[in-house]
Amino acid sequence: MQEVAQRETGALIEGKHTYESITHKIASVAMGYRHPIAWYIVTAIAAAGVFMLITAIAWLLLRGVGIWGINQPVGWGFAIINFVWWIGIGHAGTLISAILLLLRQQWRTSINRFAEAMTIFAVMCAGMFPLLHVGRPWVAYWLLPIPNWTGAWPQFRSPLIWDVFAVTTYFTVSLLFWFTGLIPDFATLRDRAKKRISQIIYGVLAMGWRNSAKHWHRYESAYLLLAGLSTPLVVSVHSIVSLDFAVSLLPGWHTTIFPPYFVAGAIYSGFAMVLTLVIPIRAWYKMQDVLTIKHLDWMAKIMLATGLIVFYGYIMEIFTALYSGHSMETFLVKNRFFGPYAPFFWALLVCNGLIPQVLWSPKVRQNVALLFVISLIVNVGMWLERFVIVVTSLHRDFLPSSWGMYYPTIWDVMLYAGTIGFFTFMMFLFVRFVPMISIFEMRDLLHQTDRHRQAPAGAPATPVATTEVSS
Amino acid sequence: MSVPLHGIIAEYETPEELLRAAKRAREAGYTHMDAYSPFPVHGLAEAIGFEDHKVPWVTFFAGVIGAIAGFSLQYYISVVDYPLNVGGRPFLSWPAFIPVTFETTVLFAAFGAFIGMLALNGLPQPYHPVFNAPRFERASQDRFFLCIEASDPLFDRANTRHFLEGTGARMVSEVEE
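All values derive from a computational prediction rather than experimental measurement.

Enquirer: Looking at this structure, how should I read the packing of helix H6 (residues 159-192) of chain A against helix H4 (residues 98-120) of chain B?
Expert: Angle between the axes and distance between the axes are the two parameters that describe a pair of packed helices. Where H6 of chain A contacts H4 of chain B, the two axes come as close as 9 Å, and the packing angle between them is 20 degrees. Classed by the angle they form, the pair H6 of chain A and H4 of chain B counts as roughly parallel. H6 of chain A and H4 of chain B meet at a crossing whose hand is left-handed. Contacts between H6 of chain A and H4 of chain B involve Trp162, Phe165, Ala166, Thr169, Thr172, Val173, Leu176 and Thr180 of chain A from the former and Pro99, Val100, Glu103, Val106, Leu107, Ala110 and Phe114 of chain B from the latter. Across the contact of H6 of chain A with H4 of chain B, the residue classes tally to 11 nonpolar, three polar and one charged.

Written out as structure tokens, the structure is:
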């Protein structure tokens, strides 16, 4: 049993590593490292995206949401599609950092920091859309229960206000969790920093952390509690997002399967985004020995599993609609299959239902280039899913007289592409200034897998066993 | 050397050596000590005789306060200050208040865990004498330290130093206050 465990975890860190070498490998990227040329190119393009985002927002604030393609009956459009898409992407971060921690999955160690950063930036992107979509973002504080001159309060029976609480809580807790994980690593950077400015900045961020056993004792307990709190939180967030739809009376939205199906979809798209980001960065920063094929393989497996749940959701949606015998529901299914947006629906089935099935093959899961392409396809597929949900349900209202079509404008596209630029920009800054892999957890993993030991003559051969007994 | 001492610190190469040394120091009767390691070593806190379960309790009570605060906020708004008749439903339509109550519970509890951990650890702390120890920057990288503090009743400059040297330490040095 012990041997099996050793072999399985052995692949999580490849090559000969010591505490010092692994610390150096990760910490040096954040300090005084010659970054690959690709970093500059991607960051420059992403920065251009940020400017595009600023332009799109500025024009929106000047002219109002009329510059978008939204209309009657399709009042939600890109803003809500992108909101749900980004929020979903964030979910993998919490899943990796919190749920896998509670399940004691050691392979999370190499990817949790990265995925948590992704969560934070994805939620930032997500938050922009509803804020801008309210039309007058300068009074967005009306969403919060703040006493104001109107004397009015938010309506707490509406899922839209639940959403405000869920998303802000999610952002705050993710940030706390991320920062808690970073404190010991900031201390490492502080102690390694050569330049005065880095010493001061990392010193302030580390807050005087001194790696004391007393600190670690409380730290581990707090970290575990934060993980325990994040786990139900992440499930609640996308469930509540799905209730924005499910509580309404629209065919295609008014479905009880929405909460679990949204949560599975969120994890599915989140893992796809982790793969999309990790695969190039791992190659550019030569992290293949700590972010191994095994990690990619397991992420692909989770993607496959959650993808199947999502696909089950699609089938159940169709089945429930047809089985209900409700004319509006049946019409919606027909409209999805053959209506004006049918190409989107079929593309969605290909992207999310068909193509991910190749992940059953270990050869595909271990083929990095192919995995990258599949992760991009899944990202597109999940975006299409939200498009189909939002637009096909809205554009055919109950009365044919109020039917309409939705076409995004250039401003919709610029805002959306702008958030992708912002997200990439933030991720690349994160890689540049913050250890992208949790260093102290990697040292711990190294200690547990015990591969760093040069086995000095006469030393006891079972140090792993000693620590296990005492823990 | 008239500078007062914070303690005497010993450096080890592996967590196992540190654990053994900490256990021996406890057996020798030392009580005021602290161990430093670049990652959490299981059993180390127990080995230096330290136990503290306040963080879970702080988190729990913060969560309870969050739940009460979230629910009473909604109660006050929906029942007392701004009652809205929505389709004849009761003002106290509590099932609709559960999601927000849940979110505030998690929010407060998370702050409880975070702030509680920092406050109990005495962080942020701009200065601590242990940073004066030579090579202490390795404590956040690849070395393991045990510091017996001068406040310990058994502390004796020469004896404690001698004791630590006998625990397999790579280096023993004095830490100034």
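So that's the structure; there's more coming.
Enquirer: Would you mind showing me how to read the sheet that holds strand E1 (residues 5-12) of chain B here?
Expert: The pairing of strands in a sheet comes from backbone hydrogen bonds and takes either a parallel or an antiparallel form. Residues and elements named next belong to chain B. In space, the four strands of this open sheet follow the order E2-E3-E1-E4, with antiparallel pairing throughout. The two strands at the open ends of the sheet, each matched to only one other strand, are strand E2 (33-36) and strand E4 (171-176). Neighbouring strand axes in the sheet, compared pairwise and without regard to direction, differ in orientation by 20 degrees on average. Across six bridges, E1 lies against E4 in antiparallel orientation. Bridge pairing in E4 places alanine 10 opposite valine 172. This element, helix H1 (residues 15-27), spans E1, E2 and strand E3 (144-149) of the sheet and lies at about 15 degrees to E3. Its contacts with the sheet put helix H5 (residues 157-165) on E1, E3 and E4, and the angle it makes with E1 is roughly 10 degrees.

Enquirer: Looking at this structure, I do not really get the interface of chain A and chain B. What am I missing?
Expert: Interfaces are frequently sized by the accessible area removed from exposure as the parts join. Across the boundary between the two partners, chain A contributes 52 residues, which contact 56 residues of chain B. Looking at the side of chain A that touches chain B, the elements with two or more residues in it are helix H2 (19-30), H6, helix H8 (213-246), helix H16 (439-449) and helix H17 (463-470) of chain A. The element contributing the most residues to the side of chain A that touches chain B is H8 of chain A, with 16 residues. By residue class, the composition of the side of chain A that touches chain B is 24 nonpolar, 19 polar and nine charged.

Enquirer: Please clarify how the domain arrangement of chain B should be interpreted in this entry.
Expert: Along its sequence, chain B is carved into domain 1 (5-51 + 140-176) and domain 2 (54-120). The straight-line distance from the C-alpha centre of domain 1 of chain B to that of domain 2 of chain B is 45 Å.

Enquirer: Any chance you could explain the environment of alanine 28 of chain B here in plain terms?
Expert: Tracing the chain through its elements places alanine 28 of chain B in the loop between H1 and E2. Alanine 28 of chain B gets classed as partly exposed once you count the C-beta atoms within 10 Å, which come to 14.

Enquirer: Where do I start with the packing of helix H3 (residues 37-63) of chain A against helix H15 (residues 410-433) of chain A in this structure?
Expert: Residues and elements named next belong to chain A. Contact geometry of H3 with H15 gives a least axis separation of 7 Å together with a crossing angle of 140 degrees. When the interaxial angle is binned, H3 and H15 end up oblique. In terms of crossing hand, the pair formed by H3 and H15 is left-handed. Looking at the contact of H3 with H15, its residues break down into 19 nonpolar, seven polar and no charged.

Enquirer: It is not clear to me how unusual backbone geometry should be interpreted in this structure. Could you clarify?
Expert: Among all residues save glycine, negative phi is the norm, and among peptide bonds the norm is trans. For the bond running from glutamine 72 of chain A to proline 73 of chain A, omega is 10 degrees, close enough to zero to count as cis. Following leucine 123 of chain B, the chain continues to proline 124 of chain B via a peptide bond in cis, the omega torsion being -5 degrees. Assignment of secondary structure puts proline 124 of chain B in the loop between H4 and E3. We note that arginine 104 of chain A has phi near 55 degrees; this positive angle belongs to a residue other than glycine. One can find arginine 104 of chain A in the loop between helix H4 (77-102) and helix H5 (112-133).

About the cut-offs
- Residues numbered from 1 in each chain as written.
- Chains lettered and ligands numbered in written order.
- Predicted model: local features only at pLDDT ≥ 70, side-chain atom pairs only at ≥ 80, totals over all residues.
- Axes fitted to C-alpha atoms, helices over the stretch in contact; angles between N-to-C directions.
- Helix = DSSP H or I, 4+ residues; strand = E, 2+ residues; numbered from the N terminus.
- Parallel < 35°, antiparallel > 145°, perpendicular 65-115°, else oblique.
- Left-handed = near helix turned anticlockwise from the far one by under 90°.
- Contact = placed C-beta atoms within 7 Å.
- Nonpolar A, V, L, I, M, F, W, Y, C, P; charged D, E, K, R; others polar.
- Pairing = 2+ DSSP bridges.
- Domains from an automatic or database assignment.
- Buried ≥ 20, exposed ≤ 12 C-beta atoms within 10 Å, placed from the backbone.

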